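A look at the structure
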Amino acid sequence: MSEKIIVSRDAGVLRLLLNRPEKKNALNREMYRALIAALDGAARDETVHAVVFAGAGGNFTAGNDLADFSDFAPGAETFPALTFVRAAAAFEKPLVAAVTGDAVGVGTTLLFHCDLVYASPEARFTMPFIDLALPPEGGASLLVPQRFGMAKASQYLLLGESFDGAEALRLGLVNALASPEDVLDLGMEAARRLAAKPREALLAARRLMRGEPNDILSRIDAEAALFAKALTSPEARERFAAFFASRAR
């Protein structure tokens, strides 16, 4: 397991801590592969009843590490983000997230696949795909309008505006707010409560609430095809070049 993903267990709960604080926990290929392996193991492990995502160093994640796009080639091996998002969408056990600081791109879209989300008031949620000349990913084009309504989905997906914890709570993305120091404890406590529930009844209720995953998986795949095509476009290359130039100053 990658040192950039710290895995720990507590009373039937598997905690996956994104641990690349110097990059605001931006997800690179190594981290995605570690997350995929962890979810695969958790799915097969009868002693794991819930999974918690959190970030180290004050941020959840700055999203995809754009450096990985500089040598992009489609495929699960070279671009495992799609495999991870599909794994999260199809995961049959409860998923919980504890969010502080930045939750950018996949850092926000992942939350739509979680059952419970806790955040600090100053957390910042952003889905800046359009500004990078990319379409939404992770099923966002389906899930964000379903959750937020079309007006707010347009504001946060098309305009790419950020929103804070209070707005995330109002929109129904977040269950409760807590101080940055308490968010992870709140998420872990909720996960332990889920883990203590009658297993089969909990999983059956979750399946019934979510419905068949085929629709969301099909949308994820459709988005991914457009995403891969857009990554090689001149407009996207120009946006990435501008991003790296601004960071080098």
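Cut-off values and rules
- Residues numbered from 1 in each chain as written.
- Predicted model: local features only at pLDDT ≥ 70, side-chain atom pairs only at ≥ 80, totals over all residues.
- Heavy atoms only, no water.
- Helix = DSSP H or I, 4+ residues; strand = E, 2+ residues; numbered from the N terminus.
- Rg over C-alpha atoms; globule rule 2.2 N^0.38 Å.
- Buried < 20%, exposed > 50% of the residue type's maximum accessible area, 1.4 Å probe, protein only.
- Contact = heavy atoms within 4.5 Å.
- Areas by Shrake-Rupley, 256 points an atom, 1.4 Å probe, with all protein chains shown as cover.
- Lys, Arg positive; Asp, Glu negative; His and termini not counted.
- Charge placed at Lys NZ, Arg CZ, Asp CG, Glu CD.
- Pairing = 2+ DSSP bridges.

What follows deals with the overall build of the chain. Check the secondary structure of the chain and you find 10 helices and nine strands. Its C-alpha radius of gyration of 17 Å places the chain within 12% of the 18 Å reference for a compact globule of 249 residues. Taken over the C-alpha atoms alone, the chain extends approximately 55 × 35 × 35 Å along its principal axes. Going through the 249 residues of the chain one by one, you find that 51% of them count as buried. The long-range fraction of contacts in the chain, counting pairs at least 24 apart against all pairs at least 6 apart in sequence, stands at 72%. Total accessible area on the chain is roughly 11300 Å²; 56% of this is exposed by carbon and sulfur atoms. Seen as two clouds, the 28 positive and the 31 negative side-chain charges of the chain have centres 1 Å apart.

What follows deals with the sheet that holds strand β8 (residues 163–164). In spatial order, the strands read β5-β7-β8; together these three strands make up an open sheet with mixed pairing. In the strand order of this sheet, the two ends are held by β5 (102–104) and β8, each with one partner. Bridge count for β5 against strand β7 (residues 124–126) is three bridges, and the pairing is parallel. Its bridge partner lying in β7, Ala103 is registered against Phe125.

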